[in-house]
Amino acid sequence: MFVISKLVWIFAQPLSLAFFLVFLALIAGLLRWRTLSMLSATGSALILFVTLYTTAGNLMMQGLEQRFAKPAADPDSLQCMIVLGGGFENEVNTARHGIEFNAAADRFVEALRLAQKFPQSRILVSGGDGSLSGIYEGDAAASERFFPLFGVGKDRLIEERQSRTTFENAVNTKEFLASQGLSNCLLITSGFHMPRSVGIFRKLGIDIVPWPTDYRTDGQVKAGLDFTQPNLNAQNMATAIREWYGLVGYYLAGRTSALYPR
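From a predicted model like this one, the values you see are computed outputs, not experimental measurements.

Procedures and definitions
Residues numbered from 1 in each chain as written. Predicted model: local features only at pLDDT ≥ 70, side-chain atom pairs only at ≥ 80, totals over all residues. Heavy atoms only, no water. UniProt positions renumbered as here; feature names shortened; annotations may be inferred. Helix = DSSP H or I, 4+ residues; strand = E, 2+ residues; numbered from the N terminus. Buried < 20%, exposed > 50% of the residue type's maximum accessible area, 1.4 Å probe, protein only. Pairing = 2+ DSSP bridges. Core = buried A, V, L, I, M, F, W, Y, C linked by side-chain atoms within 4.5 Å. Contact = heavy atoms within 4.5 Å.

So, the UniProt feature "domain: DUF218" (unreviewed entry) in the chain
Within this structure's numbering, the places UniProt gives as "domain: DUF218" (unreviewed entry) are residues 80-246. A helix fraction of 41% and a strand fraction of 16% characterise residues 80-246, whose end C-alpha atoms lie 27 Å from each other.

Rendered as structure tokens:
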């Protein structure tokens, strides 16, 4: 299932689909299948235009991010928090033995903030190597170097290093929480990733409090054209579509409590 999902995403993301349609248009042109060639070329151009020069991806991202609102204030007390991996540049860290973050770094920045405010809390970092090769360290390993730099002792960390997917995050986390006697933890992950994450945790009967972070939109995106930031538009479109692939796939596989949890 893990390998299949990785391969599906390689070929099903927007820019890959656009390239495939261009290739199909060329082959159809060589075979003098003019209708198929025109349809394929038009489809490719349409995908590229919508992905690069409209707010469609940002609107999809915004919808995901607004599904679970972040509480207006910090809790009065905090026993534990679960941080889902995805914030570290694992390939770079493995090679350079450093602490390099990607766009999802807010997951760990927010966890650090809460850890310093609630010194009695435990931090369960769930994240192994999610690559196909399996040769890199995961977020749980990198977090062992990160948190102590800011005064959070290793004794407060619970490292779940085996998970490669969100479903494995939840399954393995459930076992760790049971062994440590922890419950009702904050679930810290990116806002766009929260619906799928909550659905999986609910399905497994794990009590959590959604604590979204790492927002990619300002919450005020409207449908329209946007020629100012094609790279960012494409990135948000790809991220949102990938998340929806996950929502639909997990729902069909019976791994989440609802198609679009709220």
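And the narrative resumes.
Quick look at the pairing of strand β1 (residues 80-84)
Most of β1 sits inside the fold, with 5 of its 5 residues counted as buried. By the alternation rule, side chains of β1 split into C80, I82 and L84 and M81 and V83, which are all buried. Inspection of the sheet shows β1 paired to strand β2 (residues 122-126) by 5 bridges, in the parallel sense. Along β2, the bridge assignment pairs C80 with R122. The pairing of β1 with strand β4 (residues 185-190) spans 3 bridges and is parallel. Its bridge partner being in β4, M81 is matched across the sheet by L186.

Thoughts on the nonpolar core
M81, L114, I123, F147 and I188 are the most contacted members of the largest nonpolar core, which has 21 residues in total. Mapped onto this core, the elements with two or more residues apiece are β1, α6 (106-117), β2, α7 (139-146) and β4. Among the elements that make up this core, the one with the highest residue count is α6 (5 residues).

Remarks on α7
An α-helical segment advances 3.6 residues per turn. Residues three or four places apart therefore align on the same side. The element α7 is extensively covered by neighbouring structure, given that 6 of its 8 residues are classed as buried. Every buried residue of α7 is accounted for by D139, A140, A141, A142, S143 and F146. Contact partners of the buried residues in α7: α5 (90-96), α6, β2 and β3 (157-160).

Here we look at the environment of S44
Secondary-structure assignment places S44 in helix α3 (residues 34-53). Residue S44 is classed as buried on the basis of its relative accessible area, which comes to 2%. A sequence separation of 29 residues divides S44 from L15, and the C-alpha atoms of the two residues are 8.8 Å apart. Ignoring anything within four residues of it in the chain, the contact list for S44 reads A18, L21 and V22.

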